[in-house]
Amino acid sequence: MNDTALLVVDMEEDFVRGPMAVSGAEALAQRLAPLIAAARDAGMVVVFVTQSLRPGDIGPLARFDDVREGRVLSEGTPGVRVVPELEPQPSDSFVVKRRFGAFLGTDLDLLLRTRGVIRVVVCGISAHVCCDTTVREAFQLGYEPVYLVDGVSMGDLPDLGWGPVSAADAQRVIATTIAHRFGTVATIDDFLATLRR
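Before going into details, it helps to say that this report is about the structure given with it.

About the thresholds
Residues numbered from 1 in each chain as written. Predicted model: local features only at pLDDT ≥ 70, side-chain atom pairs only at ≥ 80, totals over all residues. Heavy atoms only, no water. Helix = DSSP H or I, 4+ residues; strand = E, 2+ residues; numbered from the N terminus. Axes fitted to C-alpha atoms, helices over the stretch in contact; angles between N-to-C directions. Parallel < 35°, antiparallel > 145°, perpendicular 65-115°, else oblique. Left-handed = near helix turned anticlockwise from the far one by under 90°. Contact = heavy atoms within 4.5 Å. Nonpolar A, V, L, I, M, F, W, Y, C, P; charged D, E, K, R; others polar. Pairing = 2+ DSSP bridges.

## A short note on unusual backbone geometry
For step 1, the next point in the chain: With omega at -20°, the peptide bond leading from I125 into S126 counts as cis.
For step 2, the next point in the chain: Here S126 shows up in the loop between strand 4 (119–125) and helix 5 (127–140).
For step 3, the next point in the chain: Despite not being glycine, D10 shows a phi value in the positive range, around 60°.
For step 4, the next point in the chain: Tracing the backbone through its elements, the reader meets D10 in the loop between strand 1 (4–9) and helix 1 (13–16).
For step 5, the next point in the chain: The backbone of L73 sits at a positive phi, close to 60°, despite the residue not being glycine.

This is how it looks when you write it as structure tokens:
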């Protein structure tokens, strides 16, 4: 599986337990820990992608009060560290992104191509923002994305003029759209089974 990378997106303190904590994120961390360990054992490239912003470089993310006021996602703060239960290792790779997608403006593409990666397995936070964006970027760049449908989390979406959307409904739409146009959708157990073969 050395042509495959596991992209663990935004499993950082601010999104798991901090001011911008995503519903279900702590339970997600528990589901991802054995997956990450198995990926390492299978020789996969494990990449932790975190979001971190420099002062004066928040750009369009200023629309979020906590970001604009510097309470979250600030470079160099404990909030942008990968949560300890995922046990990041020195052998893992680490990529910092400044926007939603893991590829935009980062060296992720270079890192993956240098290592001969053709398939990327995407998990983390949030299903409808950073994970979905990363899958679409990967597809556009010629990778084969695999989206782990139970390896992501998100909260319910509020009524912004078209009615509220439950997280469950949104995740069904995201998974269906990815499977229809952008990549493969699998469960964590499905993917672990392929690692054991």
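Back to the write-up after that little detour.
## Digging into the packing of helix 2 (residues 25–41) against helix 7 (residues 188–196)
For step 1, the next point in the chain: The contact between helix 2 and helix 7 brings their axes to 11 Å, and the two run at 20°. One finds that helix 2 runs roughly parallel with respect to helix 7. Pair helix 2 / helix 7 crosses with left-handed handedness. The residues of helix 7 that touch helix 2, namely those facing R31, L32, L35, A38 and A39, are I188, F191, L192 and L195.
For step 2, the next point in the chain: Here the residues of the contact of helix 2 with helix 7 are counted per class, giving eight nonpolar, no polar and one charged.

## Structural notes on the sheet that holds strand 5 (residues 144–153)
For step 1, the next point in the chain: In spatial order, the strands read 3-2-1-4-5-6; together these six strands make up an open sheet with parallel pairing. Of all the strands in the sheet, the pair left with one neighbour each is strand 3 (93–97) and strand 6 (184–186). Each neighbouring strand pair of the sheet contributes to a mean axis angle of 25°, computed without reference to strand direction.
For step 2, the next point in the chain: The pairing of strand 1 with strand 2 (residues 45–51) spans five bridges and is classified as parallel. Bridge pairing in strand 2 places L6 opposite V46.
For step 3, the next point in the chain: Those strands touched by helix 2 are strand 1, strand 2, strand 4 and strand 5, and its axis lies near 140° from that of strand 5.

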